[in-house]
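# Coordinate inspection notes
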Amino acid sequence: MSKNDDVSFTSSSLRTPPFLHHQTKPSLPLFSQLAKTKLTFASFLDSLLTRPSTRTPNSPPLCSASLSLSHSSCSDPKPLPILGSASLSLSQSQLGESNQLDESNQLDSVVTAQQKSGGASGVHGSGRNDEERVLISEVLVKNKDGEELERKDLEGEALAALKACRANSALTVREVQEDVHRIISSGYFSSCMPVAVDTRDGIQLVFQVEPNQEFHGLVCEGASVLPTKFIQDAFRGGYGKVVNIKHLDEVINSINGWYMERGLFGMVSNAEILSGGIIRLQVAEAEVNDISICFLDRKTGEPTKGKTKPETILRQLTTKKGQVYSMLQGKRDVDTVLTMGIMEDVSFIPQPAGDTGKVDLIMNVVERPNGGFSAGGGISSGITSGPLSGLIGSFAYSHRNVFGRNRKLNISLERGQIDSIFRVNYTDPWIEGDDKRTSRTIMVQNSRTPGNLVHSNQPGNSSLTIGRVTAGLEFSRPLRPKWSGTGGLIFQHAGVRDENGNPIIKDHYSSPLTASGKTHDDMLLAKFESVYTGSGDHGSSMFVFNMEQGLPLWPEWLFFNRVNARARKGAQIGPALCLLSLSGGHVVGNFSPHEAFAIGGTNSVRGYEEGAVSSGRSYVIGSGEISFPMLGPVEGVIFADYGTDLGSGPTVPGDPAGARLKPGSGYGYGFGIRVDSALGPLRLEYAFNDKNMKRFHFGVGHRN
């Protein structure tokens, strides 16, 4: 390399603008035009689907710089020829997750040189001059005025960022440019000017830097849902310290991550360092401007006139006007509308609300047919002479959207060899004007069910039937997440008839069949029920508490109190599901004998006939099951059950359990298979009991 006694060079600075426009890679759509960007609302919506990994082409440059070589000498005022000059242009760069300047920045270098050769000058290509090396004797870091930095720690940060520029090294223009960027990339400096001067000891390269201000305060604008404590914690460790752009970028990413985790349409749009060390963050949040319902035709998908009142749908939504739109909350609202049972398909479509930076939500809904006639069947749990004799046929009419307000009307008739039930139910799932989501059900029912659960073993295999006429009013509402409560009044007129349909008051063992001694018992029941449900799956936790109180408004009406509770807990062990359940209850007062707790049977203690263990005033039943997949929809199960009346059988009026020599307690165990079907799980189980008896059990649906 030629001697450089008569050569020195200076260069212009690389500076980050005082207003730092920060934009992270969008992961959520923002329904606003962010400051100093050209992102339109429509293009940002499109980014939600495409998830671009590059910066928007029209976004402004993060910084620009130029680097030039010239002549100046601290020892010789004589003008020297220009060695060369270069310019550096940096654009489309952003601070990414690695907190480094984007390596894809456009870099343009133009180097011109003049050579002192007989007064002639020439122009050389930039590639050649970029590779031309100059010997550097010393590398220093100073402030923008060429003085020593007050803070030696910042000087150390700048020196540590250098890679190529070392004392006694030969450098090219490009290597100096790259180290200038490394100093800026450290995050502590807003500008960096490489200045080279010729001294008696050689060329000295000085990086004149301008440190960022010390952080002394924070202003956050536009954040209505972002917790103040979250922002304070993010900046807490930076007070009194020089602002580091890399750390600021991490904080902004954490704020954007907070919005993303909660599905909220929000992000930091701009960050600015003001005089006095005040950082100002501007947050863009897309508020809901309006919510509308659009009904679509089931066949064509075109807009049509709906039968449901729009307010019936809108009141189901937790998303309200004026709040920041959350995709997670929108998904929950879609699920809520689907659970109404009147919609076939539901979707939310966000649209820009003009230039307001807000969002209009359009809920597209496809209505299901409102109702019609249906037929089906089932099996009665009160039949002890075999499953086929317990078959029940059903016929029903239902309307799931009466008056377009999601009110339900069900009229059904079930008929078997012994059983018959005629029922009319009218339910308003949400009483108008109530903010607690209270539902109301009006019920009228006329039923005839077998009395074998309590009063079996009649002579000649004759059977008793229990007739009930019931009417009631119930109110239900959610109490807290996963908890619901029900309260109501129910009137019941019940009596027992023989196989010929004649009313009777005593059975074959002269045990009374009614509590009043008349052919019928009348009672007015105040009912309360509380239910806890986990995920709703069969293996999830469940708890039910039920209490009924007889109100003797008339002297002949029954006066008693009955409580009943059931609990279930499931645990997944590999592919197998372990399920434990426990139930129990007690009755105090004067009650009808046929209302005693029947123990034994398919949904009680398997291995026994229905009600064959006991009929008691009290009871406790425990059960354990392990089910495991076998083939397709078929799964196997092993089980064990135990039940007892706690010695309360004789306290039931007429002691029907003692007259029939029921043991009062017993257990059973066995195995079986279950098959998923359109009717629900079909259960076929083979059980053994403690009396060395074996029995098949067949049922539809999960065990109660």
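Basis of the calculations
- Residues numbered from 1 in each chain as written.
- Predicted model: local features only at pLDDT ≥ 70, side-chain atom pairs only at ≥ 80, totals over all residues.
- Heavy atoms only, no water.
- pLDDT = per-residue confidence, 0-100.
- Contact = heavy atoms within 4.5 Å.
- Axes fitted to C-alpha atoms, helices over the stretch in contact; angles between N-to-C directions.
- Helix = DSSP H or I, 4+ residues; strand = E, 2+ residues; numbered from the N terminus.
- Parallel < 35°, antiparallel > 145°, perpendicular 65-115°, else oblique.
- Left-handed = near helix turned anticlockwise from the far one by under 90°.
- Nonpolar A, V, L, I, M, F, W, Y, C, P; charged D, E, K, R; others polar.
- Core = buried A, V, L, I, M, F, W, Y, C linked by side-chain atoms within 4.5 Å.
- Buried < 20%, exposed > 50% of the residue type's maximum accessible area, 1.4 Å probe, protein only.
- Expected span 1.5 Å × (residues − 1).
- Polar contact = N/O pair within 3.5 Å; in protein donor to acceptor, adjacent residues only side chain to side chain.
- Phe/Tyr/Trp six-rings, centres within 6.5 Å; stacked < 30°, edge-to-face > 60°.
- Lys NZ or Arg CZ within 6 Å of the ring centre and 35° of its normal.

Of the residues in the protein, 79% reach a pLDDT of 70 or more, and the chain-wide mean stands at 81. Below a pLDDT of 50 lies the segment residues 1-126, which in the model reaches 279 contacts outside its immediate sequence neighbourhood of four places, other chains included.

A separate point is the packing of helix α5 (residues 228-235) against helix α6 (residues 245-261). One way to put it is that α5 packs onto α6 with a least axis distance of 10 Å and a crossing angle of 155°. Accordingly, the angle class assigned to the pair α5 and α6 is roughly antiparallel. At the point where α5 passes α6, the crossing takes the right-handed sense. Contacts between α5 and α6 involve Phe230, Ala234 and Phe235 on the former and, on the latter, His247, Leu248, Val251, Ser254, Ile255 and Trp258. A breakdown of the residues in the contact of α5 with α6 according to their chemical character gives seven nonpolar, two polar and no charged.

It is generally the case that most residues other than glycine have a negative phi and that most peptide bonds are trans. If you check the backbone angles, Ser510 has positive phi at about 65° while not being a glycine. By the element assignment, Ser510 lies in the loop between β22 (503-504) and β23 (520-533). Within the chain, Asp655 stands out as a residue other than glycine whose phi angle is a positive 45°. Inspection of the secondary structure assignment puts Asp655 in the loop between β30 (634-644) and α9 (656-659).

Let's shift gears to the nonpolar core. Side chains of a nonpolar character, in soluble globular proteins, are inclined to be buried together. If you look at the biggest cluster of nonpolar residues, it comprises 23 residues, and the most contacted ones within it are Cys165, Ile183, Cys192, Leu205, Phe207 and Val209. At the level of elements, β5 (134-143), α3 (152-161), α4 (173-185), β7 (189-199) and β8 (202-211) are the ones that each hand at least two residues to this core. Leave out the neighbours within four places in its chain, and Val209 touches Val141, Lys142, Asn143, Lys144, Leu149, Ile183, Phe189, Ser191 and Cys192.

Mapped onto the secondary structure, Arg423 falls in strand β18 (residues 420-428). Expressed as a C-alpha distance, the spacing of Arg423 and Asn446, which sit 23 residues apart in the sequence, is 6.5 Å. If near-sequence neighbours (up to four positions away) are discounted, Arg423 is found in contact with Asn410, Ile411, Ser412, Glu414, Val444 and Gln445.

This part takes up α6. Compared with an ideal rise of 1.5 Å per residue, which puts 17 residues at 24 Å, α6 spans 24 Å between its outermost C-alpha atoms and is within 8% of the ideal. Along α6, the positions that sit buried rather than exposed are Ile245, Leu248, Asp249, Val251, Ile252, Ile255, Asn256, Gly257, Trp258 and Tyr259. Of the residues that open α6, the one with a side-chain oxygen 2.8 Å from the backbone nitrogen of Lys246 is Asn244.

So, on to the packing of aromatic side chains. Considering all chains together, one arrives at 17 aromatic pairs under this definition. Look at Phe597 and Tyr619: their rings are 4.8 Å apart centre to centre, the planes differ by 40°, and that puts the pair in the tilted class. Taken as a pair, Phe597 in strand β27 (residues 597-599) and Tyr619 in strand β29 (residues 618-631) lie far apart in primary sequence, 22 residues in all. Taken individually, Phe597 and Tyr619 each receive the classification buried, so the pair is uniform in this respect. Grouping aromatic residues by their ring pairs yields a cluster made of Tyr669, Phe671, Tyr686, Phe688 and Phe696. The ring of Phe639 carries the charged tip of Arg606 above its face, separated from the ring centre by 4.0 Å.

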